[in-house]
Amino acid sequence: MSDTPFGFGLPPEEPENGDEGKKKDPTEGGQGAGGPANPFGFGPGAGGDNPFAAMFGAMNPNDLGAAFQQLGQMLSYEGGPVNWDMAKQIARQTVSQGTPDGTKDASVGPSERTAVDEALRLADLWLDGVTSLPSGSVSTVAWSRAEWVEASLPAWKQLVDPVAERVGLAMGDVLPEEMQAMAGPLIGMMRSMGGAMFGQQIGQAVGVLAGEVVGSTDIGLPLGPAGKAALLPLNVEQFGKDLSVPQDEVRLYLALRESAHQRLFAHVPWLRSHLFGAVEAYARGIKVDTSKLEDVVGQFDPSQPEQLQDALQQGMFQPEDTPEQKASLARLETALALVEGWVDAVVHEAAKSRLTSADALRETLRRRRASGGPAEQTFATLIGLQLRPRRLRDASRLWASLTDARGVDGRDGLWEHPDMLPTAQDLDDPDGFVHHEQLDFSELDKMLGEAAKSSQNPAAEAKDTGEDGSTGPGKDEPKTDGGGDGGADDAGKGDGDR
């Protein structure tokens, strides 16, 4: 990853009038100045460590005007903690310049849409036999890379804003209260610059990631609209290019993965908030080096905004090393591993007897996840997220063992509540988790159901109550305030016995 993760740069021009990727010379803003090979800053020959020298150094008047326009946008931004308009613009421009292998984005044709739709529908049929979770796909869609950017930005906003907001607030807290009013314009400018820098880095990273992803869920998070199963035909083709596997099999295997994710996120209602909540918990623990920030504020020269850039590069914003912060990240990483492990196990079960290349495709995806890429590294640097779960194999083995021991229903039933899921310690000892005594909630559910009915029908409850106030079936039982409390007591006893 680049040494300038918050680097400024003038993005390459987006093709006009259907131009399939005519670009300027690399010295004028092509791949040598912030392309996929170096998405986070300028490298040697493009301004060195001075991002504004890179921005203004070798430009014709038109380029210089565009650069000043971008700078004006950065300084005039008054929105949230991230300039998402800039992020979107840069992501689309990063996509338009293509991937390092020279592949350019293209509109999806009718035949590709048909192939994606058929693959996703067949995948849903195959999954019916290997999971108790019903289909989660309301519709299917084939996206270009640019369309993936548009569809996924709302999810990135939810992920990144909590962290960026914490950083932005810190910028206004370093001055004494009596000085904050006087320094208002300066603080406002710094926040605008911070929002722009976040926006630029997020935009570049999302643009690079658009050249790698094959669907809406293949980083383990639901990045697309709910219920919309999606594949990117161009990236699916590139994924299978050197695998010596028929393209139809590659598409179908990836469709199985997309459809399995859709089932999980559609029918485990707490899962999305659980994952995104872990990110917000992490954001609350962000620690800002206030002494370093105070130095920057005290010496900040509005004519040299790269000073703020340099401060960011020096690691001003770091996650606080506390047990709570570590627990937030551990919870998120474990949840991602469990999601990906479940999908891996379910898809393998559905594909192993139908696709001759199932094992090879499975191993390819595992290696791909383990290696990661520049976009994943960027998000890890920016918000501390490991988008590629490190314990995929452990989680997959655990889910497969659960299938053997408890069957499909017993395995999938663990998704009913987050407290029922395996923990990081269970991934260390999967056999211990698989074979420990299962909690039986059937009696508790029955009692709670009866209590709910009683509360809705007081007349029936009064009829069943004797003159001494005790219920007919159990006069010797102690009187309680209501069926719900009694059920809770019994549940507590049962949990203790277990």
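Residues numbered from 1 in each chain as written. Predicted model: local features only at pLDDT ≥ 70, side-chain atom pairs only at ≥ 80, totals over all residues. Heavy atoms only, no water.

Within the protein chain, the regular secondary structure consists of 21 helices and 4 strands. Across the 498 residues that make up the protein chain, the buried fraction comes to 50%. Within the protein chain, contacts between residues separated by at least 24 positions form 80% of all contacts whose residues are at least 6 apart in sequence. As displayed, the protein chain offers around 23,700 Å² of accessible surface, 49% of which is attributable to carbon and sulfur atoms. (Helix = DSSP H or I, 4+ residues; strand = E, 2+ residues; numbered from the N terminus. Buried < 20%, exposed > 50% of the residue type's maximum accessible area, 1.4 Å probe, protein only. Contact = heavy atoms within 4.5 Å. Areas by Shrake-Rupley, 256 points an atom, 1.4 Å probe, with all protein chains shown as cover.)

Position of S152 relative to the elements: it lies in helix α5 (residues 145-173). Along the sequence, S152 and L223 sit 71 residues apart, while their C-alpha atoms lie 4.9 Å from each other. Sequence-distant contacts of S152, defined by excluding residues within four places in its chain, comprise V206 and L223.

What follows covers the nonpolar core. Formed by 87 residues in total, the largest nonpolar core has its most connected members in W148, W156, L271, L275, W342, W399 and W415. Of all the elements, helix α13 (residues 323-351) adds the most residues to this core, at 13 residues. Residues contacting L271, with those up to four places away along its chain left out, are L264, F265, V339 and W415. (Core = buried A, V, L, I, M, F, W, Y, C linked by side-chain atoms within 4.5 Å.)

For the rest of this paragraph, the subject is the packing of aromatic side chains. Counted according to the given criterion, the structure contains 3 aromatic pairs. Geometrically, the ring pair formed by W342 and W415 is edge-to-face, given 6.5 Å between the ring centres and 85° between the ring planes. In this pair, W342 sits in helix α13 while W415 sits in the loop between α16 (392-412) and α17 (424-428), placing the two residues 73 residues apart along the sequence. By way of ring pairs, the aromatic residues W270, W342, W399 and W415 are connected into one cluster. Between R272 and the ring centre of F276, over which it is positioned, the NZ or CZ distance is 4.6 Å. It is R406 that lies over the ring of F433; its NZ or CZ is 5.6 Å from the centre. (Phe/Tyr/Trp six-rings, centres within 6.5 Å; stacked < 30°, edge-to-face > 60°. Lys NZ or Arg CZ within 6 Å of the ring centre and 35° of its normal.)

Right, let's talk about the packing of helix α14 (residues 358-371) against α16 for a bit. Closest axis-to-axis distance for the α14/α16 pair is 11 Å, and the angle between their directions is 140°. In terms of orientation, α14 and α16 fall into the oblique class. Contacts between α14 and α16 involve R362, E363, R366 and R369 from the former and L392, R393 and S396 from the latter. (Axes fitted to C-alpha atoms, helices over the stretch in contact; angles between N-to-C directions. Parallel < 35°, antiparallel > 145°, perpendicular 65-115°, else oblique.)

With that settled, the discussion passes to helix α10 (residues 271-284). Relative to the 20 Å expected for 14 residues at 1.5 Å per residue, α10 spans 20 Å between its end C-alpha atoms, a close match to the ideal helical length. Those residues of α10 lying buried are L271, L275, F276, A278, V279, A281, Y282 and A283. (Expected span 1.5 Å × (residues − 1).)

This paragraph deals with unusual backbone geometry. One non-glycine residue, S244, lies in the positive phi region at around 55°. Mapped onto the fold, S244 is located in the loop between α8 (233-239) and α9 (247-267).

What follows is about the packing of helix α4 (residues 110-127) against α9. Contact geometry of α4 with α9 gives a least axis separation of 8 Å together with a crossing angle of 60°. Here α9 runs oblique to α4, going by the angle between their axes. Here α4 and α9 pass one another in a crossing that is right-handed. Judged by residue contacts, A115, V116, A119, L120, L122, A123, D124, W126 and L127 of α4 engage R251, L252, A255, L256, E258, S259, A260 and R263 from α9. Residue composition of the contact of α4 with α9, grouped by class: 12 nonpolar, 1 polar and 4 charged. (Left-handed = near helix turned anticlockwise from the far one by under 90°. Nonpolar A, V, L, I, M, F, W, Y, C, P; charged D, E, K, R; others polar.)

Per-residue pLDDT for the protein chain has a mean of 73; in total, 56% of the residues score no lower than 70. Contacts of residues 1-58 to residues separated by more than four positions or lying in other chains number 120 contacts, the stretch itself having pLDDT below 50. (pLDDT = per-residue confidence, 0-100.)

What follows covers the side chain of H348. Counting through the fold element by element, H348 comes out in helix α13. Leaving out residues up to four positions away in the same chain, H348 has contacts with D359 and R362.

One pass over the full model with this rule turns up 17 salt bridges. In this structure, K88 and E150 form a salt bridge, with 3.2 Å as the shortest nitrogen-oxygen distance. Of the two residues, K88 is situated in helix α3 (residues 84-96) and E150 in helix α5; the sequence distance between them amounts to 62 residues. A relative accessible area of 33% places K88 in the partly exposed class. For the salt bridge of R251 with D248, the shortest nitrogen-to-oxygen distance reads 3.0 Å. One end of the pair is R251 and the other is D248, both in helix α9 and 3 residues apart, which spans about a single turn. Residue class for R251 comes out buried when judged on its relative accessible area of 19%. In the salt-bridge network here, residues are joined through shared partners; they are R391, D394, R397 and D428. (Salt bridge = Lys/Arg side-chain N within 4 Å of Asp/Glu carboxyl O.)

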